[in-house]
Amino acid sequence: MPESLRILMVEDMPADAELAQREISREIPHCEFRRVETKDDFLRELEAFRPDIVVSDYSMPRFDGMTALRLSIARDPMLPVILLTGSMNEDTAVACMKAGATDYVIKEHAKRLGSAVLGAMEKKSLWAEAARRERERTELLGRLRASLNGTVHIISTIVEKRDPYTAGHQQRVALLAERIALAMGLSPEQAEGVRIAAVLHDLGKVAIPSEILSKPSTLTRNEFALIKQHPFEGYEILKDTDFPWPIARMVLEHHERIDGSGYPDGKPGTDILPESKILMVADVVEAMASHRPYRSSLGIDAALEFVSENRGTLFDPEVVNTCVALFRSRDFSWEGATPAS
Ligand SMILES: [Fe+2]
């Protein structure tokens, strides 16, 4: 509590104001009072006097306590307001507290005013402490999120260094997958999980010999069998990390197909996470639309045609529809795209 408490009294009766001031001063010796009785004076003193607390009469000929309360909250939600009234029924008392009053005192019980002011100032310091903690928590979360994104970026860079054929692929898949997730109505938090899984989705390639990853010619059956292990390898690396999203599952399932023809497990669509169904479409569309050193780009039209032809067999129909709509409406392109979160 400040050494000297500035108390703005809203009271039309000077005698009542003096009585209230005496009662407050009995409990709190160092108080500075100012009295107003109109809305204009109240608004002016809120700025000029900068009170620590407002004590307002409930009904006055030219102003009223509920309006004083609303104006106080609008200016500073942390400014305590005590309503003081000649009589107050229970409904009025409840209405005052619901509107945000810190306390109310009936004039007959004016002796309680000093302790009510002390209690209100105690509440104010608790609010300030809670607000400070919330600010610190938000800052900490921001720093944690930035360091998580930094770590995820480092990992994806390592994967792409080993597999230069797909440089930029994971970031571009992430941009598209996040936009599809948001367009499908997933929450921003869920969409962020899809984005992070997409940035990491080919992490398991670190376990594949780089001669196979960078082989410009057609892979043998055994080599392709090794490549098909990468979703599982990625899952193994990530499965014990406590992300707030099922990142390891999404990485594991990004080459599954809803008719069960995918790999590594050939899961049916009913066993595949909705987020993984987004990731698999974004992965295929980006891969087909991008240039590779061993082939030129098939183009976005061919990519969209492929996923559309396989809508409901390989790919989730809603995901395909959303992805196609994003490109057709020109709501999405990789040029200049940045992550939404
Ligand atoms: Fe992959």
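Above this text is the structure in question.
Residues numbered from 1 in each chain as written. Predicted model: local features only at pLDDT ≥ 70, side-chain atom pairs only at ≥ 80, totals over all residues.

Chemist: Before we go on, may I ask you to explain the overall build of the chain in this structure?
Modeler: When helices and strands are counted, the chain shows 14 helices and five strands. Its C-alpha atoms give the chain a radius of gyration of 32 Å, clearly above 20 Å, the size a compact globule of 341 residues would have. Looking at the chain alone, contacts between residues at least 24 apart form 65% of all its contacts between residues at least 6 apart. (Helix = DSSP H or I, 4+ residues; strand = E, 2+ residues; numbered from the N terminus. Rg over C-alpha atoms; globule rule 2.2 N^0.38 Å. Contact = placed C-beta atoms within 7 Å.)

Chemist: I keep staring at helix α6 (residues 169-183) and nothing clicks. Help me out?
Modeler: Residue pairs spaced three or four apart in an α-helix point in one direction, given the helix's 3.6 residues per turn. Taking 1.5 Å per residue as the helical rise, α6 with its 15 residues ought to reach 21 Å, and the 21 Å between its terminal C-alpha atoms agrees with that figure. Within α6, 13 of the 15 residues are buried, leaving the element largely enclosed by the surrounding structure. (Expected span 1.5 Å × (residues − 1). Buried ≥ 20, exposed ≤ 12 C-beta atoms within 10 Å, placed from the backbone.)

Chemist: Whenever I open this one, the packing of helix α7 (residues 188-200) against helix α12 (residues 274-289) confuses me. Can you help?
Modeler: The relative placement of two packed helices is expressed as an angle between their axes plus a distance between the axes. Between α7 and α12, the least distance of the axes is 10 Å, while the angle of their chain directions is 50 degrees. Viewed along their axes, α7 and α12 adopt a mutual orientation that is oblique. Of the two elements, α7 crosses α12, and the hand of that crossing is right-handed. Residue-level contacts link Q190, G193, V194, A197 and A198 of α7 to E275, I278, L279 and A282 of α12. Taken together, the residues of the contact of α7 with α12 sort by class into six nonpolar, two polar and one charged. (Axes fitted to C-alpha atoms, helices over the stretch in contact; angles between N-to-C directions. Parallel < 35°, antiparallel > 145°, perpendicular 65-115°, else oblique. Left-handed = near helix turned anticlockwise from the far one by under 90°. Nonpolar A, V, L, I, M, F, W, Y, C, P; charged D, E, K, R; others polar.)

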